[in-house]
Amino acid sequence: MAGAVPDYIDLDRHRDFQGRAVERWTPVVLFALICVVPLLAILNVFGQRPQQETVANPNGMATLTLTAPKDVRGGLLFEARFDIKAQREIKDAVLVLDSGWLESMTLNTSEPAPQQETSRDRSIAFDLGDIPAGKTWRHYLQFQANPVNLGSQSQGVTLYDGNVELLHMNRDVMVWP
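Considering the sheet that holds strand S3 (residues 71-73)
Here three strands make up an open sheet; going across it, the order is S3-S13-S10 and the pairing mixed. Two strands lie at the open edges of the sheet, namely S3 and strand S10 (151-154), each paired on one side alone. Direction aside, the axes of adjacent strands within the sheet are offset by 30 degrees on average. Here S10 pairs with strand S13 (residues 172-176) via four bridges, running antiparallel. What sits directly across from Gln-153, in S13, is Val-173.

Focus on the pairing of strand S2 (residues 62-69)
Burial of S2 is extensive: eight of the eight residues sit out of reach of the surface. Here S2 shows two buried faces, one formed by Ala-62, Leu-64, Leu-66 and Ala-68 and the other by Thr-63, Thr-65, Thr-67 and Pro-69. As defined by bridge partners, strand S1 (residues 50-56) adjoins S2 across seven bridges and the pair is classed as antiparallel. Pairing of Gln-51 across the sheet is with Ala-68, part of S2. With six bridges joining them, S2 and strand S4 (residues 77-86) adopt antiparallel strand pairing. Residue pairing across strands places Ala-62 opposite Ala-86, the latter belonging to S4.

Analysis parameters
- Residues numbered from 1 in each chain as written.
- Predicted model: local features only at pLDDT ≥ 70, side-chain atom pairs only at ≥ 80, totals over all residues.
- Heavy atoms only, no water.
- Pairing = 2+ DSSP bridges.
- Helix = DSSP H or I, 4+ residues; strand = E, 2+ residues; numbered from the N terminus.
- Axes fitted to C-alpha atoms, helices over the stretch in contact; angles between N-to-C directions.
- Buried < 20%, exposed > 50% of the residue type's maximum accessible area, 1.4 Å probe, protein only.

Here it is in C-alpha coordinates:
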(Lines give C-alpha, C1' and ligand atoms only; values in the text may rest on other atoms or scores of the structure.)
Protein backbone atom coordinates (compact mmCIF):
# COMPACT_ATOMS: atom_id res chain seq x y z
CA MET A 1 0.00 0.00 0.00
CA ALA A 2 1.51 3.19 -1.19
CA GLY A 3 -0.54 5.66 0.87
CA ALA A 4 -0.60 3.85 4.22
CA VAL A 5 1.23 5.44 7.16
CA PRO A 6 3.04 3.00 9.45
CA ASP A 7 1.86 2.66 13.02
CA TYR A 8 3.34 5.11 15.52
CA ILE A 9 4.30 7.60 12.80
CA ASP A 10 2.82 11.06 13.09
CA LEU A 11 3.38 12.73 9.71
CA ASP A 12 3.05 16.26 11.09
CA ARG A 13 5.72 15.64 13.72
CA HIS A 14 8.09 13.21 12.01
CA ARG A 15 7.97 14.35 8.39
CA ASP A 16 6.96 18.01 8.64
CA PHE A 17 8.84 18.80 11.91
CA GLN A 18 5.83 20.50 13.54
CA GLY A 19 6.86 21.56 17.05
CA ARG A 20 10.49 20.68 16.32
CA ALA A 21 11.89 23.81 14.62
CA VAL A 22 15.19 23.65 16.54
CA GLU A 23 15.80 20.06 15.47
CA ARG A 24 15.08 20.97 11.87
CA TRP A 25 17.66 23.83 11.73
CA THR A 26 20.39 22.42 14.00
CA PRO A 27 22.11 20.30 11.29
CA VAL A 28 21.98 23.18 8.81
CA VAL A 29 23.53 25.64 11.30
CA LEU A 30 26.26 23.17 12.33
CA PHE A 31 27.16 22.48 8.70
CA ALA A 32 27.28 26.23 7.95
CA LEU A 33 29.65 26.78 10.89
CA ILE A 34 31.94 24.03 9.64
CA CYS A 35 32.01 25.71 6.22
CA VAL A 36 32.66 29.20 7.64
CA VAL A 37 35.99 28.33 9.34
CA PRO A 38 37.83 27.39 6.10
CA LEU A 39 36.27 30.36 4.34
CA LEU A 40 37.61 32.72 7.02
CA ALA A 41 41.04 31.08 6.69
CA ILE A 42 40.99 31.65 2.92
CA LEU A 43 40.11 35.30 3.55
CA ASN A 44 43.24 35.60 5.77
CA VAL A 45 41.37 36.16 9.04
CA PHE A 46 43.68 33.65 10.73
CA GLY A 47 46.89 34.91 9.24
CA GLN A 48 49.78 34.23 6.97
CA ARG A 49 49.72 37.44 4.94
CA PRO A 50 52.99 39.29 5.73
CA GLN A 51 52.88 42.81 7.09
CA GLN A 52 55.71 45.32 6.94
CA GLU A 53 56.93 47.37 9.91
CA THR A 54 59.82 49.84 9.98
CA VAL A 55 61.69 51.40 12.88
CA ALA A 56 64.55 53.90 12.62
CA ASN A 57 67.40 54.85 14.92
CA PRO A 58 66.76 58.35 16.36
CA ASN A 59 70.32 59.37 15.42
CA GLY A 60 69.81 58.31 11.82
CA MET A 61 72.32 55.48 12.03
CA ALA A 62 70.11 52.64 10.74
CA THR A 63 66.60 51.50 9.90
CA LEU A 64 65.10 48.07 10.32
CA THR A 65 62.21 46.85 8.19
CA LEU A 66 60.55 43.59 9.20
CA THR A 67 58.22 41.77 6.82
CA ALA A 68 56.40 38.91 8.56
CA PRO A 69 52.85 37.83 9.36
CA LYS A 70 51.27 39.06 12.61
CA ASP A 71 48.75 36.20 12.61
CA VAL A 72 49.67 32.58 11.94
CA ARG A 73 47.94 29.23 12.26
CA GLY A 74 49.35 26.24 14.10
CA GLY A 75 51.42 24.12 11.73
CA LEU A 76 51.89 27.00 9.30
CA LEU A 77 55.25 27.57 7.61
CA PHE A 78 56.09 31.27 7.31
CA GLU A 79 59.00 33.58 6.58
CA ALA A 80 60.32 36.68 8.30
CA ARG A 81 62.52 39.08 6.34
CA PHE A 82 64.73 41.61 8.13
CA ASP A 83 66.14 44.51 6.07
CA ILE A 84 68.78 46.54 7.90
CA LYS A 85 69.77 49.74 6.10
CA ALA A 86 72.89 51.37 7.49
CA GLN A 87 73.09 55.14 7.00
CA ARG A 88 76.45 55.02 8.81
CA GLU A 89 78.74 52.03 9.12
CA ILE A 90 77.69 49.41 11.66
CA LYS A 91 80.95 47.68 12.58
CA ASP A 92 79.50 44.71 14.50
CA ALA A 93 75.79 44.33 13.68
CA VAL A 94 73.98 41.96 16.02
CA LEU A 95 70.30 41.18 15.48
CA VAL A 96 68.62 39.93 18.68
CA LEU A 97 65.18 38.29 18.56
CA ASP A 98 63.08 38.03 21.73
CA SER A 99 62.28 34.56 23.03
CA GLY A 100 58.77 34.80 21.52
CA TRP A 101 60.30 34.10 18.11
CA LEU A 102 61.24 30.61 19.30
CA GLU A 103 58.53 29.94 21.90
CA SER A 104 56.61 26.97 20.44
CA MET A 105 58.01 27.88 17.02
CA THR A 106 60.49 25.88 14.99
CA LEU A 107 63.26 27.85 13.27
CA ASN A 108 63.89 25.96 10.03
CA THR A 109 66.47 28.13 8.26
CA SER A 110 68.46 31.33 8.58
CA GLU A 111 69.81 32.79 5.34
CA PRO A 112 72.38 34.10 4.79
CA ALA A 113 74.08 32.28 7.63
CA PRO A 114 75.22 34.69 10.36
CA GLN A 115 78.88 34.78 11.38
CA GLN A 116 77.85 33.53 14.79
CA GLU A 117 74.59 32.51 16.47
CA THR A 118 74.39 32.82 20.26
CA SER A 119 71.91 33.62 22.99
CA ARG A 120 71.43 36.77 25.08
CA ASP A 121 69.13 36.67 28.11
CA ARG A 122 66.84 33.93 26.71
CA SER A 123 66.89 35.59 23.26
CA ILE A 124 68.63 34.47 20.08
CA ALA A 125 71.40 36.69 18.70
CA PHE A 126 72.70 36.68 15.14
CA ASP A 127 76.13 38.28 14.66
CA LEU A 128 75.91 39.75 11.16
CA GLY A 129 79.32 41.44 11.07
CA ASP A 130 80.06 44.74 9.31
CA ILE A 131 77.35 46.59 7.37
CA PRO A 132 78.94 49.45 5.37
CA ALA A 133 77.26 52.87 5.20
CA GLY A 134 74.57 53.05 2.53
CA LYS A 135 74.23 49.25 2.27
CA THR A 136 71.27 47.04 3.16
CA TRP A 137 71.61 43.68 4.89
CA ARG A 138 68.71 41.33 4.15
CA HIS A 139 68.22 38.36 6.46
CA TYR A 140 65.59 35.62 6.00
CA LEU A 141 64.28 33.31 8.70
CA GLN A 142 61.82 30.50 7.99
CA PHE A 143 59.63 29.28 10.85
CA GLN A 144 56.87 26.82 11.56
CA ALA A 145 54.28 27.52 14.25
CA ASN A 146 53.99 24.35 16.31
CA PRO A 147 50.42 22.98 16.31
CA VAL A 148 50.17 23.12 20.12
CA ASN A 149 51.09 26.83 20.14
CA LEU A 150 48.12 29.10 20.78
CA GLY A 151 47.62 32.75 21.72
CA SER A 152 49.57 35.98 21.54
CA GLN A 153 53.30 36.26 22.15
CA SER A 154 55.87 39.04 21.98
CA GLN A 155 58.32 39.04 19.08
CA GLY A 156 60.50 42.05 19.73
CA VAL A 157 63.62 42.71 17.65
CA THR A 158 66.69 44.69 18.72
CA LEU A 159 69.64 45.78 16.56
CA TYR A 160 72.98 46.33 18.25
CA ASP A 161 76.37 47.61 17.12
CA GLY A 162 78.45 45.36 19.36
CA ASN A 163 76.88 45.99 22.79
CA VAL A 164 75.36 49.39 21.90
CA GLU A 165 71.62 49.25 21.19
CA LEU A 166 70.76 51.05 17.96
CA LEU A 167 67.03 50.41 17.69
CA HIS A 168 64.23 48.22 19.02
CA MET A 169 60.94 47.10 17.47
CA ASN A 170 58.03 45.83 19.58
CA ARG A 171 55.58 43.50 17.92
CA ASP A 172 53.23 40.69 18.82
CA VAL A 173 52.15 37.64 16.88
CA MET A 174 48.82 35.84 17.30
CA VAL A 175 48.86 32.08 16.81
CA TRP A 176 45.48 30.59 15.88
CA PRO A 177 44.61 26.88 16.20
